[in-house]
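Take a look at the letters that make up each chain.
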Amino acid sequence: MAKLKILKVGDETLRKVCRPVDEITPRIQRLIDDMIDTMHAADGVGLAAPQVGVLRRIAVIETPNEGLFVLINPKIVACSKEQQESEEGCLSVPGRWGITKRPMHVKVKALNRHGKPVEINGSGLLAKALCHEIDHLDGKLYIDIAKMIEGAR
Ligand code: NI
């Protein structure tokens, strides 16, 4: 159990494309545990491995309604045409928020932490979080697509 340092926007690591995980080793399991602890400590909805300096395709998400997801090598396999426009933030962009347009529903295929294939049908906040975290694995940040909200809150 450890809290990891979260890299901030401007760090080049956040702009790199992550490599798939080919074997879920004890080291990967420890990383997942540490990412969950780090997400909880920072009160975030999601965290992707590049945010803690690891260029592998791993993300964790926790929403109030759906609970905790550990995603290894996640892929969006379907997106609704229906969109949602809502507020979005990122632990790597502290103190700022923006409005993004994201699909209202997405279907994601991934492996869970035991290497078992899983399919997640996310709507609303979960769909937004899935898109946001999978973008991180490709070096993309929500600020690339958001209309930023000016001023502190
Ligand atoms: Ni983020």
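The structure this text deals with has already been given above.
Residues numbered from 1 in each chain as written. Predicted model: local features only at pLDDT ≥ 70, side-chain atom pairs only at ≥ 80, totals over all residues. Heavy atoms only, no water.

(A) Structural view of the sheet that holds strand 4 (residues 83-88). The sheet built from 3 strands is open, its strands ordered 4-5-8 with antiparallel pairing. Each edge of the open sheet is held by one strand with a lone partner, namely strand 4 and strand 8 (147-149). For this sheet, the mean angle separating the axes of adjacent strands, direction not counted, is 30°. (Pairing = 2+ DSSP bridges. Helix = DSSP H or I, 4+ residues; strand = E, 2+ residues; numbered from the N terminus. Axes fitted to C-alpha atoms, helices over the stretch in contact; angles between N-to-C directions.)

(B) Layout of the coordination of the nickel ion. In this structure, C90 (SG), H132 (NE2) and H136 (NE2) serve as the protein donors to the nickel ion, at separations of 2.1 to 2.3 Å. Each donor residue of the nickel ion belongs to the same chain, and together they define the spacing C-x41-H-x3-H. Here H136 and H132 lie together in helix 2 (residues 125-137), a separation of 4 residues that amounts to about one turn. For H132, a relative accessible area of 7% translates into the label buried. Owing to a relative accessible area of 1%, H136 belongs among the buried residues under this scheme. (Donors = N, O, S within 2.8 Å, 3.2 Å for Na, K, Ca; no water. Buried < 20%, exposed > 50% of the residue type's maximum accessible area, 1.4 Å probe, protein only.)

(C) The nonpolar core, seen in detail. Ranked by internal contacts, the top residues of the largest apolar core, which has 15 residues, are I32, M35, L47, I58 and V60. Elements that contribute at least two residues to this core include exactly helix 1 (26-42), strand 2 (58-63) and strand 3 (67-79). When residues of this core are assigned to their parent elements, the largest contribution, 6 residues, is made by helix 1. Formed by 13 residues, the second largest nonpolar core is a distinct cluster that contains L71, A110, A127 and I134. (Core = buried A, V, L, I, M, F, W, Y, C linked by side-chain atoms within 4.5 Å.)

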